[in-house]
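# Chain and residue survey
Take a look at the letters that make up each chain.
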Amino acid sequence: MSRGSPGARTPDPSRVRARARGRAGARRKWARCAMCACCTKRQSEAEAEEGFFTTLFGSPQTNGAACGAGGTPGSGPSGPATGSRGRFAGATPSGILRHDEEVSATTVRRHTLDVSGERSLLLYSVSDLLAKSRVPVVGRGVSADRCVQQALHVPPNTTEAVPIETECFVGKSMVIYRTPPGSARASQYGPYFGRRKRNWEVRVQGRFKRIPKGDMFIGIILRDFNYDQSVATHSKIVKNAGMALVKSYDLYFSWGDRCGDALKKDAELSHLVTGMSGWDQVICTPSGSTPPDLGCDLGEIGDSHGLNYERAKMGLKNYSEAADETFRNISLEDTYTLCFWGVSQVIDLLGWQFKIGTHISMARFFEESPLHVAMYEIERPANGKKHDRHLESMKHYYLDFMFWSNAVSTPSLPSRYIFADAPPGIAQSSGAFPARELQRDHSDGHRSDGSQRRGTSPTSSTGSSTSGGQGSAQSILAAWGQRLRWIPQRACSNGARRA
């Protein structure tokens, strides 16, 4: 019967409203169920991401009420996390890090004060593993897509290595250095450095979480530099002169995008990197075997813990071939020990200066920015050709160590990183190497009495190279001191106007 025709039944308004309320209630119930399922899935994913760090640091601190409990995440009456030792400052109940610039600044200040009165090195392992909030970094000369990362403190000269984990690598790390003359802080590594020319050394040991599919690189990247300035002409001249010294190495060098280009998304950073021969020593321990102790003299253990390659003993050519072969056949079950010290004779990290004939302050080159030594992968395009630029969007970072001296101030870093303490119990060390280690020959090719060691097979992983030119070739990254730019007095014109 048509509406409005004689005899049509008029609907009861109360029933219409009741049916509408019922439908609305059903929709709300369905939405609540969907939200609960979504939240449950997100929570399980977050807990899975915690993994290593939850086990390492214990349950993160809770900041305020959780969603659905009368509050918003991180907004409780207790305020932000205070950054207790052994836990990440600003951790949410799910373990994902929340950035608090004030807490990060306090954490770095404490690390600096721990070595107050003496020159010391501040080193951090940088990762995106728990910093999933994608908080953008705002600053002068910073790319538009730069986001906050976490930085785990690696104290120097410790008896135990610091556990580290990135998205592509899990293991532990240690940094040791020669203590300055007259230092009140005794170190067990004093005798080790007393018989060597190197001044500091970074050691890493662990397993790969990803099998590399592209080209691997290791070297120095200026990730926190102010790129809102042009490259000085005389810096280019110094760079060309430095390149002439390292013709035998396969280098990738870039000044990075500058001025307006540096502010765009995916801007290229300044690079001085090479292949895996940039590591000074590589030890590959097969699954089921015991890897070496990071605190021992790794130069004299031979192949007792797996294949042991060292550039100073094998020569550049043989070492490069062995290193490239090792990293082309990465196993997720094997343990890799990687050591880096090649530039330590020309870069005084504690004094933050270059030693190139004379002492030059590194602050003249980098202002208030630290250095990053990173290992990363870039997958090759479908045509198989090499990339002519190393953009951040192309990279998979396996390791990223950020470091600077307590002799300089880095006030912008707390706005870019979530700083965290090393696990409890990893204290500054003192004492000496076991006598059996100190009585051995040393990895720089000299005995304790200063005499030269007798070489063995040129292809042996523990013997000296018979090719003196290659064996004495300077470290791939030692050329950095010859090619660094000096910051010009005038920045870019657009930057000068903003200033």
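Structure: above.
Attention in this report is confined to the structure presented alongside it.

To continue, consider the environment of Pro 292. Relative to the elements of secondary structure, Pro 292 occurs in the loop between strand 9 (281-285) and strand 10 (307-310). Each C-alpha atom of the pair Pro 292 and Gly 306 lies 9.0 Å from the other, and the pair is 14 residues apart in sequence. Not counting the four nearest positions on each side in its chain, Pro 292 is found in contact with Gln 205, Ile 283, Thr 285, Leu 298, Ile 301, His 305 and Thr 337.

Another point: the pairing of strand 7 (residues 251-254). Of the two faces of strand 7, the one carrying Leu 251 and Phe 253 and the one carrying Tyr 252 and Ser 254 are both buried. One ladder, built from 4 bridges, connects strand 7 with strand 8 (residues 270-274); its direction is antiparallel. When the sheet's bridge partners are listed, Ser 254 is paired in strand 8 with His 271.

Moving on, we get to helix 6 (residues 316-328). Between its terminal C-alpha atoms helix 6 stretches 18 Å, which fits the 18 Å expected from 13 residues at 1.5 Å a residue. Looking only at helix 6, the buried set comprises Leu 316, Tyr 319, Ser 320, Ala 322, Ala 323, Thr 326 and Phe 327. For helix 6, the angular spread of the buried residues around the axis is 170°, confining them to a single face. Exposed side chains of helix 6 directed beyond 90 degrees from the buried face belong to Lys 317 and Arg 328.

In this section: the side chain of Asp 421. Within the element layout of this structure, Asp 421 appears in the loop between strand 17 (417-420) and helix 8 (435-438). A polar side-chain atom of Asp 421 sits 2.5 Å from a polar atom in the side chain of Arg 110. In this structure the side chain of Asp 421 is engaged in a polar contact, spanning 2.6 Å, whose partner is the side chain of His 111.

The next subject is helix 2 (residues 101-113). Relative to the 18 Å expected for 13 residues at 1.5 Å per residue, helix 2 spans 18 Å between its end C-alpha atoms, a close match to the ideal helical length. Those residues of helix 2 that sit buried are Val 103, Ser 104, Thr 107, Val 108, Arg 110 and His 111. What you see down the axis of helix 2 is that its buried residues fit within an arc of 155°, all on one side. Residues of helix 2 that are exposed and point more than 90 degrees away from the buried face comprise Glu 102 and Leu 113.

Looking now at the sheet that holds strand 10. With respect to topology, 6 strands assemble into an open sheet ordered 3-4-5-11-9-10, the strand pairing being antiparallel. Whereas interior strands pair on both sides, the edge strands pair on one side only; in this sheet they are strand 3 (162-165) and strand 10. Strand-to-strand twist in this sheet, taken as the mean axis angle between neighbours without regard to direction, amounts to 20°. Bridge analysis of strand 5 (residues 200-208) against strand 11 (residues 335-340) gives 5 bridges, and the strand direction is antiparallel. Counterpart to Arg 203 in the pairing with strand 11 is Cys 339. In the packing of helix 6 onto the sheet, contacts are made with strand 5, strand 9, strand 10 and strand 11, and the angle to strand 10 comes to roughly 135°.

Calculation criteria
- Residues numbered from 1 in each chain as written.
- Predicted model: local features only at pLDDT ≥ 70, side-chain atom pairs only at ≥ 80, totals over all residues.
- Heavy atoms only, no water.
- Helix = DSSP H or I, 4+ residues; strand = E, 2+ residues; numbered from the N terminus.
- Contact = heavy atoms within 4.5 Å.
- Buried < 20%, exposed > 50% of the residue type's maximum accessible area, 1.4 Å probe, protein only.
- Pairing = 2+ DSSP bridges.
- Expected span 1.5 Å × (residues − 1).
- Arc of directions from axis to C-beta.
- Polar contact = N/O pair within 3.5 Å; in protein donor to acceptor, adjacent residues only side chain to side chain.
- Axes fitted to C-alpha atoms, helices over the stretch in contact; angles between N-to-C directions.

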